[in-house]
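Listed here are the chains, written in short residue letters.
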Amino acid sequence: MILLTGATGLTGKHVAKAVSQTGMPVRALVRDAAKAQMLADMGITLVEGDLADRASIDAAMNGVEKAFLLMANGPEQLGHEMRFIDAAKDAGLKHLIKLSAIGVEAGHFNKLKDTHGRAEDHLKASGVPYTILRGNFFMQYMLYFMPAIEATGAFYVPADDKPMGMVDVRDIADCTAAVLTQSGHDSKTYLLTGPHKHTFADAAELFSKALGRDVACTLIPAAAFKEQMMKTGQDDWTATAVTEEFELLAGGGGDAVTDDIKTITGNAPRSFASLLEETFA
């Protein structure tokens, strides 16, 4: 039995689809089963619980051999991840796959990097067999700029024009399914990236080609970017952390391309151009 967390989010729903297609029994820990019908439609068993509640994690982990750890970003994230890892240790879990991020380190000034770094360290120290999948900047995040593109013909970022090896979350999902069903990945950390490095200016050109009209990338101050996030309903913790992430990209924090996706799955990673072509075909 495989246990999934975060299975209704941007990345998690693709992981759920990929893992459900392996033929192995799959269970998902969800806060509200009524809002996770798409998982049930995939044949995934739903277990309601709260990641703040150790008892509900223990119940979800009963009979589970392997698990995928993906938590929503936020001030409670580290506590949730450490609690889940502790439960996995006590349950004698045979393998735990954690989704992490590029450039993480305990003590990092960026909250997201620090959170992932501390969780990775806790997992390694737990004794639970593990694999860590570190993702570069997600290609799908670029699609969140579409309302601005439609309204103004541009998207706005607080980042200099530095290259980054954006990754398609579907490739992360395929890697997760492969690691859960293959041997040879214990105690390994992979960096998952796309096949090419793109600057935000490159991304604007690819948007222009896919949409058939000019799209520009406009640099704005970090404070203005954070304010825009707050206006969309993001809390201060998340808005600050994401703004800092873009500032790290400005310093070359996403400047990496690896062959790890092909190593794990046997397939070349998807490109940003192909994602846009599929999205706007």
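For the structure itself, look to the data block above.
Engineer: Is there a simple way to think about the overall build of the protein chain in this case?
Structural biologist: Helix and strand content of the protein chain: 12 helices and nine strands. Taking 281 residues into account, the globule formula puts the C-alpha radius of gyration at 19 Å, and the protein chain, at 19 Å, falls close to it. Along the longest, intermediate and shortest principal axes, the C-alpha atoms of the protein chain span 55 × 35 × 35 Å. For the protein chain, the share of sequence-separated contacts (at least 6 apart) that also reach a separation of at least 24 residues comes to 75%. Summed over all atoms, the accessible surface of the protein chain reaches about 12200 Å², with 50% contributed by carbon and sulfur.

Engineer: Is there a simple way to explain the nonpolar core in this structure?
Structural biologist: A general feature of soluble globular proteins is that nonpolar side chains tend to end up buried together. Ranked by size, the top nonpolar core spans 32 residues in total, and within it Leu4, Val19, Leu39, Leu133, Leu192 and Ile264 carry the most contacts. Elements represented by at least two residues in this core include exactly β1 (2-4), α1 (12-20), β2 (26-30), β5 (95-101), α7 (169-181), β8 (188-192) and α11 (260-265). If you tally residues by element for this core, the top one is α7, at eight residues. Ignoring anything within four residues of it in the chain, the contact list for isoleucine 264 reads Leu133, Cys175, Ala178, Val179, Gln182, His185, Tyr190 and Leu192. Among the nonpolar cores identified, the runner-up in size contains 26 residues, and Met142, Phe155, Ala159 and Phe200 belong to it.

Engineer: Looking at this model, I keep getting lost on the sheet that holds β2. Mind explaining?
Structural biologist: The strands that make up a sheet are held in pairs by hydrogen bonds between backbone atoms, and each pair lies either parallel or antiparallel. If you trace the seven strands from one edge of the open sheet to the other, you get β3-β2-β1-β4-β5-β6-β8, paired in parallel fashion. Bordering the open sheet on either side are β3 (45-48) and β8, each of which pairs with just one other strand. Strand-to-strand, the axes of this sheet are offset by a mean angle of 20 degrees, without reference to chain direction. Across three bridges, the pairing between β1 and strand β4 (residues 66-69) is parallel. Along β4, the bridge assignment pairs isoleucine 2 with lysine 66. Contacts from α1 reach β1, β2 and β4 within the one sheet, and its direction differs from that of β1 by about 165 degrees.

Engineer: Can you walk me through the packing of helix α4 (residues 77-91) against helix α5 (residues 111-126) in this structure?
Structural biologist: A pair of packed helices is characterised by two quantities: the angle between their axes and the separation of those axes. Remark: α4 packs on α5, axes separated minimally by 9 Å, with the N-to-C direction vectors making an angle of 10 degrees. Between α4 and α5, the angle falls in the class roughly parallel. The hand of the α4/α5 crossing is right-handed. Between α4 and α5, the residues in contact are Gln77, Leu78, Glu81, Met82, Ile85, Asp86 and Lys89 and Leu112, Thr115, His116, Arg118, Ala119, His122, Leu123 and Ser126, respectively.

Engineer: I'm lost on the pattern of salt bridges in this one. Help?
Structural biologist: Oppositely charged side chains are able to pair whenever their charged atoms sit close together. Per the counting criterion, the structure on display carries 15 salt bridges. The closest approach of N and O atoms between arginine 170 and glutamate 278, which form a salt bridge, is 2.8 Å. On the criterion of sequence distance, the pair formed by arginine 170 in helix α7 and glutamate 278 in helix α12 (residues 272-280) is long-range, its members being 108 residues apart. The shortest N-O distance in the salt bridge between lysine 197 and aspartate 255 comes to 2.6 Å.

Engineer: Sorry if this is basic, but what is going on with unusual backbone geometry here?
Structural biologist: Most peptide bonds take the trans form, and the phi angle of most residues other than glycine is negative. Not every positive phi belongs to a glycine, and serine 187 is a case in point at roughly 60 degrees. Structurally, serine 187 can be placed in the loop between α7 and β8. Classification of serine 187 by relative accessible area gives partly exposed; the value is 49%.

Engineer: Can you walk me through the packing of α1 against α7 in this structure?
Structural biologist: Where α1 contacts α7, the two axes come as close as 8 Å, and the packing angle between them is 40 degrees. In terms of their interaxial angle, α1 and α7 are classed as oblique. Considering the relative orientation of α1 and α7, their crossing is right-handed. Between α1, through His14, Val15, Ala18 and Val19, and α7, the contact on the second element is made entirely by Val169, Arg170, Ala173, Asp174, Thr176, Ala177 and Leu180. Here the contact of α1 with α7 is built from residues that sort into seven nonpolar, two polar and two charged.

Engineer: Before we go on, may I ask you to explain the packing of aromatic side chains in this structure?
Structural biologist: For any pair of aromatic rings, the description rests on two quantities: the centre-to-centre distance and the angle between the ring planes. Applying the stated criterion across every chain yields a total of 12 aromatic pairs. Within the aromatic cluster, the residues linked to one another by ring pairs are Phe137, Phe138, Tyr141, Tyr144, Phe145, Phe155, Phe200, Phe207, Phe225, Phe246, Phe272 and Phe280.

Engineer: How should the side chain of threonine 5 be read in this particular structure?
Structural biologist: Locating threonine 5 in the fold gives a position in the loop between β1 and α1. Here threonine 5 falls in the buried class, since its relative accessible area comes to 1%. Polar side-chain contacts of threonine 5 include one of 2.9 Å to the backbone oxygen of phenylalanine 68. Look past the residues within four positions of threonine 5 in its chain and what remains in contact with it is Leu29, Phe68, Leu69, Leu70 and Phe84.

Calculation criteria
- Along each chain, residues carry numbers from 1 onward, in the same order as the chain's sequence is written.
- Restriction of local features to residues with pLDDT of at least 70 applies here, the model being predicted, together with a cutoff of 80 or more for giving and counting side-chain atom pairs; totals for whole chains, interfaces and linings are based on all residues.
- Side-chain numbers come from the whole structure's heavy atoms, not from hydrogens or water.
- Helix and strand definitions here come from DSSP, where helices need a minimum of 4 consecutive H or I residues and strands a minimum of 2 consecutive E residues; each element is numbered from the N-terminal end.
- For a compact globule the rule gives 2.2 Å times the number of residues to the power 0.38, and the radius of gyration it is set against comes from C-alpha atoms.
- Contacts between residues were defined by any pair of non-hydrogen atoms, one from each residue, lying within 4.5 Å.
- Only the protein chains shown count as cover for residues, with accessible areas throughout obtained via the Shrake-Rupley method and a probe of 1.4 Å.
- What makes a nonpolar core is a set of buried Ala, Val, Leu, Ile, Met, Phe, Trp, Tyr and Cys residues whose side-chain atoms join them at distances within 4.5 Å.
- Three labels apply to residues, based on accessible area from a 1.4 Å probe with only protein chains included: buried if under 20% of the type maximum, exposed if over 50%, partly exposed otherwise in between.
- Pairing between strands is defined by DSSP: at least two bridges between the two strands are required.
- Comment: axis = line fitted to C-alpha atoms, over the contacting stretch for helices; angle = value between 0 and 180 degrees taken between N-to-C directions.
- Oblique is the label for every angle not falling under 35 degrees (roughly parallel), over 145 degrees (roughly antiparallel), or within 65 to 115 degrees (roughly perpendicular).
- In this scheme the crossing of two helices becomes right-handed for a clockwise turn of the near helix relative to the far one and left-handed for an anticlockwise turn of less than a right angle.
- Salt bridge, as used here, is a side-chain nitrogen of Lys or Arg placed within 4 Å of a carboxyl oxygen of Asp or Glu.
- Under this grouping Gly is polar, as are all residues other than the nonpolar Ala, Val, Leu, Ile, Met, Phe, Trp, Tyr, Cys and Pro and the charged Asp, Glu, Lys and Arg.
- Aromatic contacts are taken between Phe, Tyr and Trp rings whose centres are within 6.5 Å, Trp giving its six-membered ring; a plane angle under 30 degrees counts as stacked, one over 60 as edge-to-face, and the others as tilted.
- Side-chain atoms alone can form a polar contact between residues adjacent in sequence; in general such a contact is a pair of N or O atoms within 3.5 Å, and within protein one must be able to donate a hydrogen while the other accepts it.

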